[in-house]
Amino acid sequence: MWTCKLCSQAKNPVDVKICKTCGRARGHNPEGYRKHLAEIRKWNAQAGGEEVEETFTLSDSWGLICGLILMFLIIGVLTWAYLEDQKDAAMLENQEL
C-alpha cells in the first residue's frame, strides 16, 4: 500500500499507478497546491484578526417584525371569531329553553 501526498489516501494498492481517490499519479508532489493552501490560510488568519462587531438595527429585522405583527393579527381575529361563536351558541341555548 502507498499513501497519496495530495489527499492522504493510505489504501492505494502497490500495483496501481494512480490514487483511487484523487486520480493523481503515484509520486506526484503537489507543491503548487501546498503554496495555494498556505496562501488561503494566511488570508483567513489576517481576516480573522479583524473581527468587527456589527451593531443591531431595527431595519435588519423588518421581516421578523412584520411576521410577528401578522401572527398577532391572525391570533386576534381567530380569538374574536371563537368568542363570537360562543356568544351565538349561548344565545341559541337560551332561546331553546
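Residues numbered from 1 in each chain as written. Predicted model: local features only at pLDDT ≥ 70, side-chain atom pairs only at ≥ 80, totals over all residues. Heavy atoms only, no water.

A. Summary view of the side chain of Q9. Assignment of secondary structure puts Q9 in the segment before α1 (31-48). One polar contact links the side chain of Q9 to the main-chain amide nitrogen of K11, over a distance of 3.1 Å. Excluding residues within four positions of it along the chain, Q9 makes contact with W2, T3, C4, C19, K20 and T21. (Helix = DSSP H or I, 4+ residues; strand = E, 2+ residues; numbered from the N terminus. Polar contact = N/O pair within 3.5 Å; in protein donor to acceptor, adjacent residues only side chain to side chain. Contact = heavy atoms within 4.5 Å.)

B. Structural view of a nonpolar patch on the surface. Taken together, the side chains of L64, L68, M71, F72 and I75 make up a nonpolar region of the molecular surface, amounting to roughly 500 Å² of accessible area. Looking at the element boundaries, I75 is found in helix α2 (residues 62-96). Judged by relative accessible area, I75 falls into the partly exposed class, the value being 44%. (Patch = residues over 30% accessible without salt bridge, like charges linked within 9 Å, V, L, I, M, F, W, Y side chains within 5 Å. Areas by Shrake-Rupley, 256 points an atom, 1.4 Å probe, with all protein chains shown as cover. Salt bridge = Lys/Arg side-chain N within 4 Å of Asp/Glu carboxyl O. Buried < 20%, exposed > 50% of the residue type's maximum accessible area, 1.4 Å probe, protein only.)

C. Geometry of the pattern of salt bridges. Under the criterion given, the structure shown has one salt bridge. Among the salt bridges present, the one from K87 reaches E84, with a minimum N-O distance of 3.3 Å. Taken together, the residues K87 and E84, both in helix α2 and three residues apart, mark about one turn of the helix. Since its relative accessible area comes to 28%, E84 is described here as partly exposed.

D. Broad picture of unusual backbone geometry. In this structure, S8 takes a positive phi of about 65° despite not being glycine. Summarising the element assignment, S8 is placed in the segment before α1. On the basis of relative accessibility, which here comes to 53%, the residue S8 falls in the exposed class.

E. Structural context of the environment of T3. One can find T3 in the segment before α1. Classification of T3 as partly exposed rests on a relative accessible area of 47%. As for T3 and T79, which are separated by 76 residues in sequence, their C-alpha atoms are 68 Å apart. What T3 contacts, discounting residues up to four positions off in sequence, is S8, Q9 and A10.

F. View of the side chain of N12. Position of N12 among the secondary structure elements: in the segment before α1. A residue is classified by how much of its surface remains accessible, and N12, at 0% relative accessible area, is buried. From its side chain, N12 meets the backbone oxygen of Q9 in a polar contact 3.2 Å long. Excluding residues that lie within four positions of it along the chain, N12 makes contacts with M1, W2, C4, I18, C19 and K20.

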